[in-house]
Amino acid sequence: MPWIVFTLVMGHLTVNHIIRAVYGLSYETFEITGPQMVLTMKLTTFAWNVYDGRRPTEDLDKWQLQKRVIKYPTLLEFLGFSFYFPGILVGPYLDYASYTSLVDESLFKSAGGESAKLMWRAVPDGRKRVAYRKMLTGLIFLGLFIVLNPSFYYGIAITPRFQERSIIYRIAIFQFCGFIERSKYYAIWTLTEGASILTGLGFTGYGPSGKSLWEGAANVKIRDIELPSNFKVLLDSWNINTNIWLRECIYKRVTPKGKKPGFSSSMLTFLTSAFWHGIATGYYLTFTFGGFITYAARMCRAGFRPLVLPPPGAPTTLTKRVYDFLGTIISILLLNYVAAPFMLLTYTDSMEAWSCLGWYGFWIVGSAIAFFNVGGSKYLQGMQKKQTNVTISGRKP
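Right, let's walk through the structure included here.

Criteria and thresholds
- Residues numbered from 1 in each chain as written.
- Predicted model: local features only at pLDDT ≥ 70, side-chain atom pairs only at ≥ 80, totals over all residues.
- Heavy atoms only, no water.
- Helix = DSSP H or I, 4+ residues; strand = E, 2+ residues; numbered from the N terminus.
- Buried < 20%, exposed > 50% of the residue type's maximum accessible area, 1.4 Å probe, protein only.
- Contact = heavy atoms within 4.5 Å.
- Areas by Shrake-Rupley, 256 points an atom, 1.4 Å probe, with all protein chains shown as cover.
- Lys, Arg positive; Asp, Glu negative; His and termini not counted.
- Charge placed at Lys NZ, Arg CZ, Asp CG, Glu CD.
- Axes fitted to C-alpha atoms, helices over the stretch in contact; angles between N-to-C directions.
- Parallel < 35°, antiparallel > 145°, perpendicular 65-115°, else oblique.
- Nonpolar A, V, L, I, M, F, W, Y, C, P; charged D, E, K, R; others polar.
- Phe/Tyr/Trp six-rings, centres within 6.5 Å; stacked < 30°, edge-to-face > 60°.
- Lys NZ or Arg CZ within 6 Å of the ring centre and 35° of its normal.
- Left-handed = near helix turned anticlockwise from the far one by under 90°.
- Salt bridge = Lys/Arg side-chain N within 4 Å of Asp/Glu carboxyl O.
- Core = buried A, V, L, I, M, F, W, Y, C linked by side-chain atoms within 4.5 Å.

1. Describing the overall build of the protein chain
Part 1 of the argument: Helix and strand counts for the protein chain stand at 17 helices and two strands.
Part 2 of the argument: For the C-alpha atoms alone, the extent of the protein chain along its principal axes is close to 70 × 60 × 45 Å.
Part 3 of the argument: Classification of the 397 residues of the protein chain by burial places 44% in the buried group.
Part 4 of the argument: Relative to all contacts within the protein chain whose residues are 6 or more apart in sequence, the contacts with residues 24 or more apart total 67%.
Part 5 of the argument: Summed over all atoms, the accessible surface of the protein chain reaches about 21500 Å², with 66% contributed by carbon and sulfur.
Part 6 of the argument: A distance of 8 Å separates the average location of the 41 positive side-chain charges in the protein chain from that of its 23 negative side-chain charges.

The following block contains the structure:
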């Protein structure tokens, strides 16, 4: 049943994506695919939650157990969940269990800390303080985008004037263009996060000082995106709720029972994300290459990280700091490289932009994959074993 729901709602969304492409409608015009993308996540997640509610509890993981739906909602409850106002246009997407915990206020009763000041709703104090701060942050990023985007955008890579500059200049400026391009997403997601917090969504308990915390409605962690320690941290911090949907409704579900998700599960998940976004070639270039970046990043983390980690209780070493610094630089370089087709949309423009950048993303990822598949993995595993043996022998009296 969940896969039937997925096929129907994704199929309907795709039809509207095709209509938008045929008539040349941009996302800045009044059209429905944006809200429909949010609704697609909600309906497919709801279908899986209902399915999980009828499975034996011992077959469920922690998330499935928490989010399963045992009792069907009324029509009013279902429509309220589907069209939750602060997230109807661009998110944040939320599951039915999170929505009901907001409505029946169990979200606030389950958190420990100081008692909330009860009025007609048991919503803890402090949400307006956080919501208005989110609004200010969103407006600042919106201002940055409006002022700087006409000069700094991914499309600059296909302009003759830009292509005449040196390769170092092109790559460096392109990174700043990426930050400006992302600022519009930071703006809209931070604004909607603040709107959601005003309704009470996102409450996560109290801090050491007793102030209420509102971190559960975030859809983006800006600092972890702009200064990530590795590519996984970057991915987990971008479009957080969509990542949860892809992980829980695609990644885990396409993996055969009893097996661990692998490269094929990752690639199917990335392709589903591309299909969900639309039919433009750029989406498929971005998410297909994103799958290979994730594969290479996973191998690098498994191969190199154990070699630079200090022993338990020891201070961070210079080698570990260099490893983290390189991880940040490479992650940002790859992010801006792989995201270019997502914004340029067409195959021709995407290839021209990548060519203008010297294909550096392919060189980085291709070299890493080649290294690990021609013996690099075994070599690093051998070094890890030697390091472990030295550590153990050093501890012996």
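2. Quick notes on the packing of helix α14 (residues 281-308) against helix α16 (residues 347-356)
Part 1 of the argument: Between α14 and α16, the shortest axis-to-axis distance is 8 Å and the interhelical angle comes to 45°. Classified by the angle between their axes, α14 and α16 sit oblique to one another. When α14 is examined against α16, the residues T281, G282 and L285 are found in contact with a partner set consisting of Y347, S350, M351 and W354.
Part 2 of the argument: Looking at side-chain class alone, the contact of α14 with α16 contains four nonpolar, three polar and no charged residues.

3. Observations regarding the packing of aromatic side chains
Part 1 of the argument: Scanning all chains against the criterion turns up 39 aromatic pairs.
Part 2 of the argument: When the ring of F141 is compared with that of F179, the centres are 6.4 Å apart and the planes differ by 65°; the resulting orientation is edge-to-face. Taken together, the positions of F141 in helix α7 (residues 127-148) and F179 in helix α9 (residues 167-199) put the pair 38 residues apart, joining distant regions of the chain.
Part 3 of the argument: Owing to a relative accessible area of 11%, F141 belongs among the buried residues under this scheme.
Part 4 of the argument: Exposure remark for F179: the relative accessible area of 22% places this residue in the partly exposed category.
Part 5 of the argument: Here the aromatic residues F141, F152, F176, F179, Y185, Y186, W189 and W238 are joined through ring pairs into a cluster of three or more.
Part 6 of the argument: Over the ring of F81 we find K42, and its NZ or CZ is 5.5 Å from the ring centre.

4. Concerning the packing of α9 against helix α15 (residues 318-344)
Part 1 of the argument: Between α9 and α15, the shortest axis-to-axis distance is 9 Å and the interhelical angle comes to 65°. By crossing handedness, the relation of α9 to α15 is classed as left-handed. Between α9 and α15, the contacting residues are I171, F174, Q175, G178, F179, E181, R182, K184 and Y185 on the first element and I332, L333, L335, N336, A340, F342 and M343 on the second.
Part 2 of the argument: Taken together, the residues of the contact of α9 with α15 break down into 10 nonpolar, three polar and three charged.

5. Details of the pattern of salt bridges
Part 1 of the argument: On inspection of all chains with the given rule, the structure shows 10 salt bridges.
Part 2 of the argument: Of the charged contacts in the structure, one is a salt bridge between K252 and D61, with a shortest N-O distance of 2.9 Å. Taken together, the residues K252 in the loop between α12 (240-251) and α13 (263-277) and D61 in the loop between α2 (33-52) and α3 (62-67) connect sequence positions 191 residues apart.
Part 3 of the argument: Classification of D61 as partly exposed rests on a relative accessible area of 25%.
Part 4 of the argument: Where R247 meets E248, a salt bridge forms, and the shortest distance between an N and an O atom there is 2.9 Å.
Part 5 of the argument: Judged by its relative accessible area of 36%, R247 falls in the partly exposed class.
Part 6 of the argument: Of the residues examined, E248 reaches a relative accessible area of 2% and is grouped as buried.

6. What to know about the environment of P312
Part 1 of the argument: Note that P312 resides in the loop between α14 and α15.
Part 2 of the argument: On the accessibility criterion, P312 (75% relative accessible area) is exposed.
Part 3 of the argument: Between the alpha carbons of P312 and N149 there is a distance of 46 Å; along the sequence they are 163 residues apart.

7. Remarks on the nonpolar core
Part 1 of the argument: I293 and V365 are the most contacted members of the largest nonpolar core, which totals 32 residues.
Part 2 of the argument: Secondary-structure elements contributing two or more residues to this core are α9, α14, α15, α16 and α17 (360-395).
Part 3 of the argument: Excluding anything up to four places from it in sequence, I293 contacts F231, L334, V338 and V365.
Part 4 of the argument: Counting residues in each nonpolar core, the second largest holds 19 residues, with V69, Y96, L102 and V130 among its members.

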